[in-house]
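# Residue-level structural notes
Here is how the chains run, residue by residue.
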Amino acid sequence: MSKLDLNKLTRLGYQLWVPKRSETSSSEENLVFYVLDDKTLITGKEDEFKTYPRILPSIKKILGQADKEIKQIDQTETVSKEFNLVIDFSQGLSYKAGKTLKFDSLKLLIKDGALKERFYSELRGSIDL
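Residues numbered from 1 in each chain as written. Predicted model: local features only at pLDDT ≥ 70, side-chain atom pairs only at ≥ 80, totals over all residues. Heavy atoms only, no water.

## With respect to helix α6 (residues 113–125)
Helix length check: α6 (13 residues) gives 18 Å between terminal C-alpha atoms against 18 Å at 1.5 Å per residue, within 8%. Regarding α6, its N-cap is Asp112, as a side-chain oxygen of that residue lies 3.1 Å from the backbone nitrogen of Ala114 further along. (Helix = DSSP H or I, 4+ residues; strand = E, 2+ residues; numbered from the N terminus. Expected span 1.5 Å × (residues − 1). Polar contact = N/O pair within 3.5 Å; in protein donor to acceptor, adjacent residues only side chain to side chain.)

## Points about unusual backbone geometry
At Asp37, a residue that is not glycine, the phi angle is positive and equals roughly 55°. The topology assignment puts Asp37 in the loop between β1 (31–36) and β2 (40–45). Asp37 sits in the partly exposed class, given a relative accessible area of 26%. Here the phi dihedral of Asp38 falls at roughly 55°; this positive angle occurs in a residue that is not glycine. Relative to the helices and strands, Asp38 resides in the loop between β1 and β2. (Buried < 20%, exposed > 50% of the residue type's maximum accessible area, 1.4 Å probe, protein only.)

## Quick notes on the nonpolar core
Note that soluble globular proteins tend to have their nonpolar side chains buried in a common cluster. Ile42, Phe49, Ile59, Ile87, Phe89, Phe119 and Leu123 are the most contacted members of the largest nonpolar core, which totals 20 residues. Put simply, the parts of the chain that give this core at least two residues each are β1, α3 (55–62), β4 (83–88), α5 (106–111) and α6. Of all the elements, α3 adds the most residues to this core, at four residues. Apart from residues lying up to four places away in sequence, Leu123 is in contact with Ile59, Ile62, Leu63, Leu85, Ile87 and Leu101. Judged by nonpolar contacts, the second largest core, of nine residues, contains Leu31, Ile73, Phe83 and Val86. (Core = buried A, V, L, I, M, F, W, Y, C linked by side-chain atoms within 4.5 Å. Contact = heavy atoms within 4.5 Å.)

## Some thoughts on the sheet that holds β2
One open sheet holds the five strands; their spatial order is β3-β1-β2-β4-β5, and the pairing between them is mixed. With one partner strand each, in any of the chains shown, β3 (70–73) and β5 (97–102) form the two edges of the open sheet. Taking each pair of neighbouring strands and ignoring which way they run, the sheet shows an average axis angle of 20°. Strand direction decides the pairing type here: β1 and β3, joined by four bridges, are antiparallel. Of the residues in β3, the one forming a bridge with Val35 is Lys71. Sitting on the sheet, α6 touches β4 and β5, and the angle it makes with β5 is about 170°. (Pairing = 2+ DSSP bridges. Axes fitted to C-alpha atoms, helices over the stretch in contact; angles between N-to-C directions.)

Everything listed here is a matter of coordinates, which is why it stays silent on function.
Spelled out as structure tokens, the structure:
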């Protein structure tokens, strides 16, 4: 198709393709990493943790570590450490861990009752780690 014909169709309101979105914002750029008691790593997208701020205190409570502090760390610190438990809401990264719980996203977990039950039971089973 010539550029002239393409321009005519575009002016008439036809869209023959969806423009590519720029991939400048990598999915790893907005990932955050939290550590609970230097034994549990929690990863996910920053905007999801902002949308669901009660998830981190809930995880602490389920693990029986409500008195412990959750601190945010850099991704570079996660490479050198080995964790007892990794809770990964980011999909795509791997860590040294005794046990790993992976979910597609925090948003999907919150909206699906069956996933929440599985998540809760898996966390309760991880208390001994």
